[in-house]
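The lines below spell out each chain.
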Amino acid sequence: MTKERALFLLAFLWAPPMVTVGARAQSQGSPVVIGETVTIQSSILKESRSLLISKPAGYENGTDRYPVLYLLDGETHFHYTSGIVSFLAGNDRIPKMLLVGIVSGGSARRTRDLTPPSMAEIDNRFSPGNGGADRFLSFVADELIPYVDRTYRTRPYKLLIGHSFGGLFGIYTLIAKPKLFNGYIAIDPSLYWNNEAVVARAESFFPNAKDLQADFYMTAADASGKPPVDVRRLTAAFGESASAGFRWNFDLMKQENHASIPLPSIYRGLETIFEDWRVPDLLALFDKGGIEAIHKRFRDGGRRFGYDRTTPAFTVSLVVADLIHTGRLEEAAKVLLHDASGYPPPWNQLDALARAYQNRGDVEQAIRYYLLSLKENPRNQLARNKLTEMGVKIPDLPH
């Protein structure tokens, strides 16, 4: 964005808030709370399990429902994941979400829960007590998700994130219960497990999964710059998917290692999965299909994630600002007035359009839009002054 365009947008779209800074802090020592701990009893696992819950901003005072992000190894990844979700949602790059971190409770229980049984001697030597993935999956499907849906205001869209064994479990879940989750982020998954048995299952599953609807994002860390063989096998299986509803992406993160890769993977994965939530280049989409193309993008993007979504008024204003700035005044006028009930034209943008017409020398159109601006805001002294300068009698409007 050029400096001139940035100033243009600021002039016509932003009203900076007044901020008052006191001479000293009003209170000290108040805790910063990012979530709460909940314990549930599992009859399937025959033990209690701890959950870390982070609610989206405004949850307590609202009535809206939210997609749910289920995060494996919650004790490791919850803190920064809650920040990523809050940051991306605050910038409208993803919807606000309820975050549920599932606490593993130690390496032994983690190995038990997240791995299918293995026949490989090396797996059993270095990861004893493995093989409980099916039972843990039953806990997630039959106890955890129903509990969350009962207790919190949720939408149907559910996302599962896992790292290492957790990534393996995510892929296993996609194949074993393909309708349980809508989205997955598999971070450097342990695909070697049981001589790549999950990869072999994927090679049989995806070419025949005609009705699969899922969003899938996977990463791998490899300094060589070349994906490992097991990753290449899996992505090849994805590429043979029989379902147009299965959307997948893979990123090889050469600059990361197995320990550092979760944070960038979660950030990038959420942006990728919710790609249709935002429109990165409004003017390019407008050029393809006008304002209706933008409305359609928001409708379709919202529907995939369980929302009846309309284009934000601010987004329409951004399109108008771009069109005025590039001299496409007739198109800007058409967008400004395209839906007066759904998108009442902002008086300051009507002023901007009037000034642009005046600068072009089109007095008739300048008068028209100053009058419309005055109708929207009868206290608009600028419009009154401009109309007076052009010899126009000001209509009798209430101040």
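Here, the structure is the one placed above.
What counts, and where the lines are drawn
Residues numbered from 1 in each chain as written. Predicted model: local features only at pLDDT ≥ 70, side-chain atom pairs only at ≥ 80, totals over all residues. Heavy atoms only, no water. 1 Å grid on protein atoms, 1.4 Å probe; cavity = no way out; pocket = protein on both sides within 12 Å on 5 of 7 lines; lining within 4 Å. Points joined across faces, edges and corners; volume = space filled by probe spheres on them. Helix = DSSP H or I, 4+ residues; strand = E, 2+ residues; numbered from the N terminus. Nonpolar A, V, L, I, M, F, W, Y, C, P; charged D, E, K, R; others polar. Salt bridge = Lys/Arg side-chain N within 4 Å of Asp/Glu carboxyl O. Buried < 20%, exposed > 50% of the residue type's maximum accessible area, 1.4 Å probe, protein only.

Student: An account of the layout of surface pockets is needed here, citing residue identities and associated values.
Tutor: A probe as big as a water molecule, rolled over the atoms, marks out the empty space that is left. Considered as a void within the structure, the largest pocket measures approximately 460 Å³ in volume. Lining the largest pocket are 17 residues, with Arg278, Val279, Leu282, Thr315 and Leu318 sitting closest to its centre. At the level of elements, α10 (282-304) and α11 (313-325) are the ones that each hand at least two residues to the lining of the largest pocket. The biggest single contributor to the lining of the largest pocket is α11, with 4 residues. Space inside the second largest pocket adds up to approximately 340 Å³. Elements supplying a minimum of two residues to the lining of the second largest pocket: β2 (47-54) and α2 (74-90). Of the residues forming the lining of the second largest pocket, the biggest block, 5 residues, is contributed by α2. Classifying every residue of the lining of the second largest pocket gives 9 nonpolar, 5 polar and 4 charged.

Student: Which residues make up the pattern of salt bridges, and what are the values?
Tutor: One pass over the full model with this rule turns up 25 salt bridges. Across the pair aspartate 92 and arginine 309 runs a salt bridge, and its minimum N-O distance is 3.3 Å. One end of the pair, aspartate 92, is in the loop between α2 and β4 (98-102); the other, arginine 309, is in the loop between α10 and α11, and 217 residues separate them in sequence. Here arginine 268 makes a salt bridge to glutamate 271, at a shortest N to O gap of 3.8 Å. In this pair, arginine 268 and glutamate 271 are both assigned in helix α9 (residues 262-273), 3 residues apart and thus about one turn of the helix distant. On the basis of relative accessible area, arginine 268 is assigned to the partly exposed category, the value being 36%. Among the residues examined, glutamate 271 registers a relative accessible area of 9% and is labelled buried.

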